[in-house]
Amino acid sequence: MVRYPDRIQVRVPLDDPEDQASLRRAIARETGCSPESLPDVRLIRRAIDARGSRIWLNLELDLGPSVSKPSRGLQPIRGEPKTLIIGDGPAGLFCAYELALSGQSSLVIDRGKKVQPRRRDLKLLNQFGEVPADSNYCFGEGGAGTYSDGKLYTRSQKRGDPQAVLDILAYHGAPAQILTDARPHIGSNKLPKVITSMREALEDVGIQFRFETRVEGLKIRNGRCVGVRIAGGEVILAENIVIATGHSAVDVFHFLDRAGVALEAKPFAVGVRIEHPQPLIDRLQYKTHAGHPKLPAASYKLAAKIDHRSVYSFCMCPGGWIVPSSTSADGLVVNGMSLSRRDSPFANSGLVVNVTPADLETSGFTGLFGGVHFQQKIEHTAFLAGGGQLRAPATRVTDFLQRRASNSVPNTSYIPGLQAVNLDSVLDCGPCLSDSLRQGLQIFGTKMPGYLTEEAVLVGIESRTSCPIRIPRDARSLQSSTMPGLYPAGEGAGYAGGIVSAAIDGIRIAKAIVAAQRHAPLHV
C-alpha cells in the first residue's frame, strides 16, 4: 500500500486551474505517483509568489484522511457574571467567547457604540471633521479593527492558535477564503457583520453587553481589584476584571496609574501614510502580469535599518482608503483600510520610524507618559498644519526627499482632503523623524524601483501603530504584576499588534481565568 505524507507543498503556474483533478496532477508531478492513486486533496494554504519573472501559486495541500473538528458550540449559561471585560475589541470579544465555550458567564462593557450607530458617526466624522470622543475609528464595538480593514495575518504563532480565531470568524460569516489565504483579509464592509454575529451569539446564551459605558476608575479591596467605577458613579463588581481597552484609551492608563497598577514605557512607532495609485503598485509587483484576473491588488512589505532606528511599512492596504482615526477634536491621526474587494484606485501603507523611551527623554518628553505626550503633540501639530476639519498635511515623496513643501498634491482616497505642506515641520516636533524616514525611502526606492515617484504622497500623521505604555503582568497567571484580579489584555496592554494577535491574547486570558478558578496548572 502506497503511503503519502499528510501535507505536501506544490508550486503551480498562475494560470493553472485549482480544481481537484489539477491539484492531483500537480502532486503526482511532485511525488512521481499517478494521479489516480492519490487520495482526495484538501487546500490548506494558498500564497502568491511574484518574486521572479513568472508568477506562481504556492499551495500547501492535505492528503491525510479528513478529520472532523470537535464541536465547540456555545451552550446556555446561567448565573451572574464572574468576569467583567472592559473593551469589546478583539481581545475582549474573544475572551468572552472563550469563557462562554468553557461555560462561564461574563459582562462586556465598552465606551463606544454598537456597530450600526458607530457607522453613522464615522460618516459624520469624514464629512464634517467632527470627532465624537467615544465613537470613532478607534472606539466602539469590535475596536479599532472593525472599520480599519480587517487584516488577519499575524506572526503571533507561539502564544496561541491563529487558526482557532479564523475558524470562529468564518463560522460567524467571514469569507471562507480566510481559512486558506496566506494573508487573510475580511474587509471593513464585512467585518462589522461578523462582529455583530459573534456578539448576538454570545447574547443568546446569556453573555451580557453594555455599550456607551465608560470606565473611570478601579474598585480595590484588600489590595485586589474587585470592580470598576463607571461614569455617573455606578460601581460594577466581579471576581475577575479584564482590561482590554485598546491602544488609544489614554485615560485608562491615568486611572490605572492612580490606583497603583504597575505601568512601563515601551517603544512604539510614528510616521506617515504613503499613498500610490494602485495600478502603479500592481506594475511594480506583478510586472507584465499586472491586471491578470487571478491576481488581487498588489501589496508590499519594506523595511530598513537606519543607525539605531528601524523604518518600515506597516498595515499596507492595497486597493484601500486613508481614514481619519482621531480620538480628540484637536488632534489628527490617519490610518488605512480596505473593503473586501480591495478595488479602490489607491494603495496606501503606514511608513513609520521606531521611537524609544530614550529618544523621547532627549527630546523633553520624560517619564512614564512621555510617549503619550509626544503622540498628543505630533497629532496636534498635524491638525494645525492641515488647517482644521481633519484635513491632513501632505507632501509629495519627491518634494519630501528634497526637503521642501509641495505646491500641490495628487488625488487621494482621504475624504476630508489634503493640505500641501513641508512635513518636516510636523515630523520633527519631537524626536527628529524626517531624516530617518528620508533615508528609509531611499533604500525602499532601490528595493522597489519606481516606488519614489511624484505620484506618491506622504500623509500625516500615523501615530497609533501601538501603545507607548505596557501593563506588566505575571507570566503564569497573566494578572497584573501588582494588582491581583486585574488581567491586562490585547494591544492596549502591550501584548498584541493586530486583530488576530489581540484575539489570541484574549483567549489566553480566558484560559488563565478558567485555570485559576479550577486551581489547575495553566497551559496557554
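Residues numbered from 1 in each chain as written. Predicted model: local features only at pLDDT ≥ 70, side-chain atom pairs only at ≥ 80, totals over all residues. Heavy atoms only, no water.

A. Local environment of the sheet that holds strand 9 (residues 235-237). The strand order across the open sheet built from 3 strands is 7-8-9, with neighbouring strands paired in antiparallel fashion. Looking at strand neighbours, the two that pair on one side only are strand 7 (215-221) and strand 9, the edges of this open sheet. Neighbour-to-neighbour, the strand axes of this sheet turn through a mean angle of 35 degrees, independent of strand direction. Here strand 8 (residues 224-230) pairs with strand 9 via 3 bridges, running antiparallel. When the sheet's bridge partners are listed, Val-228 is paired in strand 9 with Ile-236. (Pairing = 2+ DSSP bridges. Helix = DSSP H or I, 4+ residues; strand = E, 2+ residues; numbered from the N terminus. Axes fitted to C-alpha atoms, helices over the stretch in contact; angles between N-to-C directions.)

B. How the structure looks around the pattern of salt bridges. One pass over the structure, following the stated rule, counts 26 salt bridges. Residue Asp-399 pairs with Arg-404 through a salt bridge whose shortest N-O separation is 2.7 Å. Several salt bridges converge on common partners, so that one network encompasses Arg-111, Asp-134, Arg-214, Glu-216 and Asp-251. (Salt bridge = Lys/Arg side-chain N within 4 Å of Asp/Glu carboxyl O.)

C. Quick peek at the layout of surface pockets. Space inside the second largest pocket adds up to approximately 1,300 Å³. Taken together, 37 residues make up the lining of the second largest pocket; nearest its centre are Ile-48, Arg-183, Tyr-286, Pro-296 and Ser-299. The set of elements that each furnish at least two residues to the lining of the second largest pocket consists of strand 2 (42-49) and helix 7 (278-286). Grouping the amino acids of the lining of the second largest pocket by side-chain chemistry returns 19 nonpolar, 7 polar and 11 charged. (1 Å grid on protein atoms, 1.4 Å probe; cavity = no way out; pocket = protein on both sides within 12 Å on 5 of 7 lines; lining within 4 Å. Points joined across faces, edges and corners; volume = space filled by probe spheres on them. Nonpolar A, V, L, I, M, F, W, Y, C, P; charged D, E, K, R; others polar.)

D. Just helix 12 (residues 434-447), in detail. With 14 residues, helix 12 should reach 20 Å at 1.5 Å per residue; the first-to-last C-alpha distance of 20 Å fits that figure. The complete set of buried residues in helix 12 reads Ser-434, Ser-436, Leu-437, Arg-438, Gly-440, Leu-441, Phe-444 and Gly-445. (Expected span 1.5 Å × (residues − 1). Buried < 20%, exposed > 50% of the residue type's maximum accessible area, 1.4 Å probe, protein only.)

E. Geometry of the pairing of strand 16 (residues 334-338). Here strand 16 lies mainly inside the structure; 5 of its 5 residues are buried. Taking every second residue as pointing to the same face, both faces of strand 16 are buried, with Val-334, Gly-336 and Ser-338 on one and Asn-335 and Met-337 on the other. Judged from the 5 bridges that link them, strand 15 (residues 320-324) and strand 16 form a sheet pairing that is antiparallel. When the bridges of strand 16 are listed, Val-323 appears paired with Asn-335.

F. Representation of empty space enclosed by the protein within the structure. The final tally for this structure, using the stated rule, is 2 cavities of 30 Å³ or more. Estimates place the volume of the largest cavity at around 70 Å³. Taken together, Gly-89, Pro-90, Leu-93, Phe-94, Gly-142, Gly-145, Thr-146, Leu-169, Leu-191, Ile-195 and Ile-499 make up the full set of residues lining the largest cavity. Elements with a minimum of two residues in the lining of the largest cavity: helix 2 (90-101) and helix 5 (191-204). Broken down by element, the lining of the largest cavity gets its largest block of residues, 3 residues, from helix 2.

G. The arrangement of the packing of aromatic side chains in detail. Tallied over the entire structure, the rule returns 3 aromatic pairs. Ring centres of Tyr-300 and Tyr-451 lie 5.3 Å apart, and the angle between their planes is 85 degrees; on these two criteria the pair is classed as edge-to-face. Here Tyr-451 lies in the loop between helix 12 and strand 20 (457-462) and Tyr-300 lies in the loop between helix 7 and strand 13 (303-306), a separation of 151 residues in the sequence. Across this residue pair, the class does not change: Tyr-300 and Tyr-451 are buried. Above the plane of the ring of Trp-56 lies Arg-54, whose end atom (NZ or CZ) is 4.6 Å from the centre. (Phe/Tyr/Trp six-rings, centres within 6.5 Å; stacked < 30°, edge-to-face > 60°. Lys NZ or Arg CZ within 6 Å of the ring centre and 35° of its normal.)

H. Representation of helix 7. Those residues of helix 7 not exposed but buried are Gln-278, Leu-280, Ile-281, Asp-282, Leu-284 and Tyr-286. Note on helix 7: the residue one or two positions beyond its end, Lys-287, has a positive phi of about 55 degrees.

I. Up close: the side chain of Gln-479. Its location among the elements puts Gln-479 in the loop between strand 21 (469-470) and strand 22 (486-488). Judged by its relative accessible area of 14%, Gln-479 falls in the buried class. Polar contacts involving the side chain of Gln-479 include one to the main-chain amide nitrogen of Gly-485, which spans 2.6 Å. (Polar contact = N/O pair within 3.5 Å; in protein donor to acceptor, adjacent residues only side chain to side chain.)

J. Expanded view of the environment of Ile-281. As for its placement among the helices and strands, Ile-281 is situated in helix 7. Linking Ile-281 and Gly-319, residues 38 residues apart in sequence, is a C-alpha distance of 9.9 Å. Residues within four places of Ile-281 in sequence aside, it is in contact with His-276, Ala-298, Tyr-300, Ala-347 and Met-448. (Contact = heavy atoms within 4.5 Å.)

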